[in-house]
Amino acid sequence: MRTYTIKSLFKHPFTFSITIRSKTTSAQYVASRARDATFEKLMDKYKNFVKVIAIQDLILSNPNKTPPCISLDFLSKLSQKLHLNRGAPSFLRKYPHIFHIFYDPTKSQAFCRLTGTALEISRKEEEAVNASLPLVVDRLVRLLFMSTSKSLPLRAVFKVWRELGLPDDFEDSVIVKNPNLFRLCDGNEPSTHVLKLVGEFPDNHFTAAVENWRVTECCREDCSVDRMGIRYSFKHVYPPGMRLSKSFRAKVKEWQSLPYLGPYEDLTEKKKTKAGLKRLEKRAVAIVHEFLSLTVEKMVEVEKISHFRNCFGIDMNMRDLFLDHPGMFYLSIKGKRHTVFLREAYERGRLIDPNPVYDVRRKLLDLVFLGRHDMLESGSENENVG
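Residues numbered from 1 in each chain as written. Predicted model: local features only at pLDDT ≥ 70, side-chain atom pairs only at ≥ 80, totals over all residues. Heavy atoms only, no water.

Per an unreviewed UniProt entry, the protein carries the name PORR domain-containing protein and comes from Salix brachista.

Caption draft 1: Summary view of a negative patch on the surface. There is a patch of like negative charges on the surface, built from Glu126, Asp168, Asp169, Glu171 and Asp172. According to the relative accessible area criterion, Asp168 is exposed, its value standing at 63%. (Patch = residues over 30% accessible without salt bridge, like charges linked within 9 Å, V, L, I, M, F, W, Y side chains within 5 Å. Areas by Shrake-Rupley, 256 points an atom, 1.4 Å probe, with all protein chains shown as cover. Salt bridge = Lys/Arg side-chain N within 4 Å of Asp/Glu carboxyl O. Lys, Arg positive; Asp, Glu negative; His and termini not counted. Charge placed at Lys NZ, Arg CZ, Asp CG, Glu CD. Buried < 20%, exposed > 50% of the residue type's maximum accessible area, 1.4 Å probe, protein only.)

Caption draft 2: Structural context of the sheet that holds strand S10 (residues 299–301). With antiparallel pairing, the three strands of this open sheet are ordered in space as S10-S12-S11. Since the sheet does not close on itself, it has two edges, and those belong to S10 and strand S11 (329–332), each with one partner. Taken over all neighbouring pairs, the strand axes of this sheet differ in orientation by 20° on average, direction set aside. Of the pairings in the sheet, the one linking S11 to strand S12 (residues 339–342) comprises four bridges and is antiparallel in character. Across the sheet, Tyr330 pairs through a bridge with Phe341, a residue of S12. Where helix H11 (residues 274–294) meets the sheet, it contacts S10, S11 and S12, and its direction lies at approximately 85° from that of S12. (Pairing = 2+ DSSP bridges. Helix = DSSP H or I, 4+ residues; strand = E, 2+ residues; numbered from the N terminus. Axes fitted to C-alpha atoms, helices over the stretch in contact; angles between N-to-C directions. Contact = heavy atoms within 4.5 Å.)

Caption draft 3: Spotlight on the pattern of salt bridges. For the structure shown, the criterion picks out 19 salt bridges. Ionic contacts of the salt-bridge type, sharing partners, join the residues Asp57, Glu125, Arg162, Glu297 and Arg361 into one network.

Encoded structure:
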């Protein structure tokens, strides 16, 4: 199934349709398509949430001070790198529930630390991550198993360690502590490493998330789908008001019935026939669907997941994959980042089936949403440190 476009209808601002279109570049498509207001609202705050996380990590990486803190002078030097367009102090003051600015007269400098609430959220996230280590190990094993060589560049894993819910010391706490599953080897380039899967797993050991959905659908009392027809289908979710053209529906129905190799099956398709390319494209969709299902928040930056493209044997542009399947994925470009969401996992801007790590992170995101609201008038952003 090739690319599609969303054309706005003038009758109602929240009503639009999807039709098959002539080929355009993905950049043109992204610029012209209609936006999903729910995901865009989430990303409007999430773009600053990413910056908050970066500053939080900088503060917590300075454990020699109690409580951990960082000077505003140092943070201001990183303003451009952190995309703090109006400077560090201005950004910090937007989130007084998260950051506390104070002046240290002994050093004649202003510093920033996390508030008690933010520190507690950070502590609870660490606890949630450590409590889910068996699940984290399984995620990493599955990621390696989807690779055609059962190995991945360590730098690619580092790109998505937070998305996978890995602890920040996962090299020691996950890789080294599970030598029966993982092995670190030198890469082909200097100072690079490759993470290899050394554990043996029988055929059909792993079940993809979409397979669980198919079983659930077939077991529903009000199930109206053809049990054979759903064998190769994926769940499609469209926002309210979206009208699907007749030709688009036909294309989706044809694509849904197309057989393909699952993400945990060995890649054997080598044919460059039209039918063979279609099956390879559907396998690529299945892999990125499974990848997103393995993440804590069912979302990832396109740039990050693109580092896995060759390892997964995907011979097509990642962004095009997401744009070609608007019922499965939503691509946002807020904050100069292209971020993809798994549509079926979300409802009204929240995960339908949350996990403990997501729940804790959501509390910090809620503080970003809160901004400067609900601050006591007597509260002060500055205090002296004796």
